Amino acid sequence: MPETYSRRKMLGLLGLTALSTTGIAVAEKDDDSNETTEETKKNGGHSNPNEPSLTRFATVPLGAEVTGLRVAPGGELFLNVQHPDEANPAPYDASVVGAVVGIDGTGVPTDIPNLSVPTTDAEKRTTRTAVGEHQVLATGAQKLGNGDLLGVPNDADGNPISDEAESDMNAFVPTGENEGYLFTNWEAQPGMISRLFISREDDAAKWSVDSDSIENLDVREMEGTWNNCNGSLSPWNTPLSSEEYEPDAKAWFESDEKTYGNAEKTFEEYLGYFGNAYRYGYIVEVEDPAGDATPTKRFALGRASHEVGEVMADERTVYLTDDYGGGVLYKFVADEAGDLSAGTLFAAKLEQDATDDVTKAGFDVEWVELAHATEDEIESWISEYDDQDPTADGYEADYITDHEIREWANGNAEDDRVAFLETRKAAAAVGATNEWQKLEGVSAPSDAKPGDFINIACSNVRDTMSDVDGDVMLQGDGYGAVYTARLTGNYDIRRIEPSLVGGPEANVVAPGADGTDANGMLVNTLANPDNIFTLEDGRVLVGEDGDHENNVLWLFSPGKRDWNGRDDENDGTDENEGKDGWQGDEDDEKDDC
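Residues numbered from 1 in each chain as written. Predicted model: local features only at pLDDT ≥ 70, side-chain atom pairs only at ≥ 80, totals over all residues. Heavy atoms only, no water.

Q: How do you make sense of the overall build of the protein when you look at a structure like this?
A: Helix and strand counts for the protein come out as 9 helices and 29 strands. Buried positions account for 60% of the 593 residues belonging to the protein. Here the contacts in the protein between residues at least 6 apart in sequence split such that 62% fall between residues at least 24 apart. Total accessible area on the protein stands at roughly 22100 Å², and carbon and sulfur atoms take up 42% of it. (Helix = DSSP H or I, 4+ residues; strand = E, 2+ residues; numbered from the N terminus. Buried < 20%, exposed > 50% of the residue type's maximum accessible area, 1.4 Å probe, protein only. Contact = heavy atoms within 4.5 Å. Areas by Shrake-Rupley, 256 points an atom, 1.4 Å probe, with all protein chains shown as cover.)

Q: Is there a simple way to think about the sheet that holds strand β13 (residues 239-243) in this case?
A: By definition, the strands of a sheet pair up through backbone hydrogen bonds, in either a parallel or an antiparallel sense. Overall, antiparallel pairing links the 4 strands, which are arranged β12-β13-β14-β15 in an open sheet. Two strands lie at the open edges of the sheet, namely β12 (228-233) and β15 (294-298), each paired on one side alone. Taken over all neighbouring pairs, the strand axes of this sheet differ in orientation by 30 degrees on average, direction set aside. Where β12 meets β13, 4 bridges bridge the pair, whose relative direction is antiparallel. (Pairing = 2+ DSSP bridges. Axes fitted to C-alpha atoms, helices over the stretch in contact; angles between N-to-C directions.)

Q: Please explain the nonpolar core as it appears in this structure.
A: The nonpolar side chains of a soluble globular protein tend to be buried with one another. Core analysis: the biggest nonpolar cluster contains 84 residues, and Phe78, Phe183, Phe253, Tyr278, Phe332, Ile378 and Leu421 have the highest contact counts within it. Looking at this core, the element that brings in the most residues is strand β10 (residues 192-199), giving 5 residues. The contacts of Phe78, once residues within four sequence positions are left out, are Gly68, Leu69, Arg70, Ala72, Gly98, Ala99, Leu137, Asn170, Phe172, Leu182, Ile198 and Trp207. In terms of nonpolar packing, the next biggest core, distinct from the first, is built from 33 residues, Val358, Trp436, Ile454 and Tyr483 among them. (Core = buried A, V, L, I, M, F, W, Y, C linked by side-chain atoms within 4.5 Å.)

Q: Would you mind going over the sheet that holds strand β16 (residues 306-311) with me for this structure?
A: What the 9 strands build is an open sheet, ordered β16-β17-β19-β20-β21-β26-β25-β24-β23; its pairing is antiparallel. Every interior strand has two partners, whereas the edge strands, β16 and β23 (439-443), have only one. Strand-to-strand twist in this sheet, taken as the mean axis angle between neighbours without regard to direction, amounts to 30 degrees. Contacts from helix α6 (residues 375-383) reach β20 (339-352) and β21 (363-374), with the element oriented near 75 degrees to β21.

Q: What's the story with the confidence of the model for the protein in this structure? I'm lost.
A: Interpretation of the predicted coordinates at a detailed level should be avoided for regions scoring low in pLDDT. Confidence in the prediction of the protein, expressed as mean pLDDT, is 88, and 87% of residues score 70 or more. This model gives residues 24-45 a pLDDT under 50, and the stretch forms 60 contacts once residues within four places in sequence are excluded. Across residues 568-593 the pLDDT falls below 50, and counting only partners more than four positions away or on other chains, this stretch makes 60 contacts in the model. (pLDDT = per-residue confidence, 0-100.)

Q: How should I be thinking about the pattern of salt bridges in this particular structure?
A: Where charged atoms from two side chains of opposite charge come close, those side chains can pair. Tallied over the entire structure, the rule returns 29 salt bridges. For the salt bridge of Arg279 with Glu223, the shortest nitrogen-to-oxygen distance reads 3.3 Å. Of this pair, Arg279 sits in the loop between α5 (263-271) and β14 (283-287) while Glu223 sits in the loop between β11 (208-216) and β12, and the two are 56 residues apart along the sequence. Glu223 shares its class with Arg279; the two are buried. Across the pair Arg279 and Glu379 runs a salt bridge, and its minimum N-O distance is 3.1 Å. Of this pair, Arg279 sits in the loop between α5 and β14 while Glu379 sits in helix α6; the two residues are 100 residues apart in sequence, bridging distant segments of the chain. (Salt bridge = Lys/Arg side-chain N within 4 Å of Asp/Glu carboxyl O.)

Q: I would appreciate a short explanation of the packing of aromatic side chains in the present structure.
A: Two aromatic rings, taken as a pair, are described by how far apart their centres are and by the angle between their planes. Going through the model one piece at a time under the given rule, you end up with 21 aromatic pairs. For the pair Trp226 and Trp252, a centre-to-centre distance of 6.2 Å together with 55 degrees between the ring planes defines the contact as tilted. Residue Trp226 is found in the loop between β11 and β12, and its partner Trp252 is found in helix α4 (residues 249-253); the two are separated by 26 residues along the sequence. Of the two residues, Trp226 and Trp252, both sit in the buried class. Between Phe253 and Tyr278, the ring centres sit 6.1 Å apart and the planes meet at 40 degrees, which makes this aromatic pair tilted. Within this pair, whereas Phe253 is found in helix α4, its partner Tyr278 is found in the loop between α5 and β14, the two being separated by 25 residues in sequence. An aromatic cluster is present here, built from Trp226, Trp252, Phe253, Phe267, Tyr270, Phe274, Tyr278, Tyr280 and Tyr385 joined pairwise through their rings. Stacked on the ring of Tyr270, the Lys or Arg Arg220 has its end atom at 4.2 Å from the ring centre. The ring of Tyr324 is capped by Arg424, whose NZ or CZ atom sits 3.7 Å from the centre of that ring. (Phe/Tyr/Trp six-rings, centres within 6.5 Å; stacked < 30°, edge-to-face > 60°. Lys NZ or Arg CZ within 6 Å of the ring centre and 35° of its normal.)

Below, the structure is given as structure tokens:
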């Protein structure tokens, strides 16, 4: 497993301060670092709306990362705080589910001032927002009415597996004006998805939580979930939870090997029997979210280290990010709109521009088809690896070997199980690019049409992205980047370009004096993007999970885009003409996939 994952459990910073039970709402001037004037308050401190700008929207407490970032259909803004320093004062001494409240109107305002860098111990140990305030809705491992702990699975005997829980994805399903169900991922092995009902009087009011509604979903029928990380909300309003860092099947099944953290042993305690590694590493759809809320694993989208599966407005095309060192960008095309149970899986092959400058190098994209399958087919393949017992006399582990993957890639396999059970290895075997360094969020406006833009976060640009071989050979950058692609006429992606790059060579910086924090990180640039959310007007919220002393929620305004790619025209029409960055007449060949 990548070191960046294990680091989450090792974060720890010292200090004690007493603060209130909600975050501090501040939009103050700081003459030394972040001066804000009325003239430049709009557009993130920049007076020219055609130029890109970066605004510090919020900071989270010491030790924490930004998770649960989502703007719901009605403009409700949700923001979680994951794995904060235990020395922080309550409520930020534990992972929380939260929302930004007190903003008059819906959505994210256009006149947000640039929040100052936290300097005092009190500022560093709370959640601060440039507008409104952060409201805590629930806390990881809080005791529920039935005796369960929020976000914590019970073992086979009904006892909690752990005494802590780390919140990640939020997905809000409205049931009326200013009310609905909030679904949250809990990132652990085994993981959990929870649901609670919230309501409020108006757009600016605080939320009321129905304490009797708070529940962990029943995931035991599908043998549990795994490391539920980020996720999304489908166009038909079902939460899509992502199982990240899929377990290594060889290490799981071989009696003399162990997965990271010996998760197979934990799952044996959870299930009451030895489990099957191939049942974990998928997108989980919560069907009937306002009713029975039934989780279902969508096997046809592949088994990988899923961060997000983002469904396009055509309700067929899904882009999937692989949060892994040496990961792959995937695309799934469903057979039927609104139904993720069957379809074709693709992996991206990149061709880099003739430069290694991370702020300039884009990539042409070719989609390599992996296979088509239905959930029933894939379930039948998975079940062949059930009922193994490493303690039995004469035990021989059964899993997909590298030889079998090569045989599949050469067209010599009897079926396509390799494509759906060892998706990353399958993609690499047929020539797709497996060099991304921890792809994180992928996000498009909910009503994105051909010609609109989709954004993809990459945690850092180093190692497999900065070596001297392969498809990607960039200058090393530990700060990461947000990439942008334009949707073609059939919701395809043919080109990816950098739009927001952090670090010493950053292409966009926040207002204020240059400087570094206690970790030596530049304070006015992006560092290690994770959660991202694209607003309807094209602005992008970018949450960090990285090396800033206090991770930041940024608001990125791309300005007027200069699009360098050559993409398909839309079915022979010119509906993109007039959009920012649209260069006019381009190829009108239609993509078949």
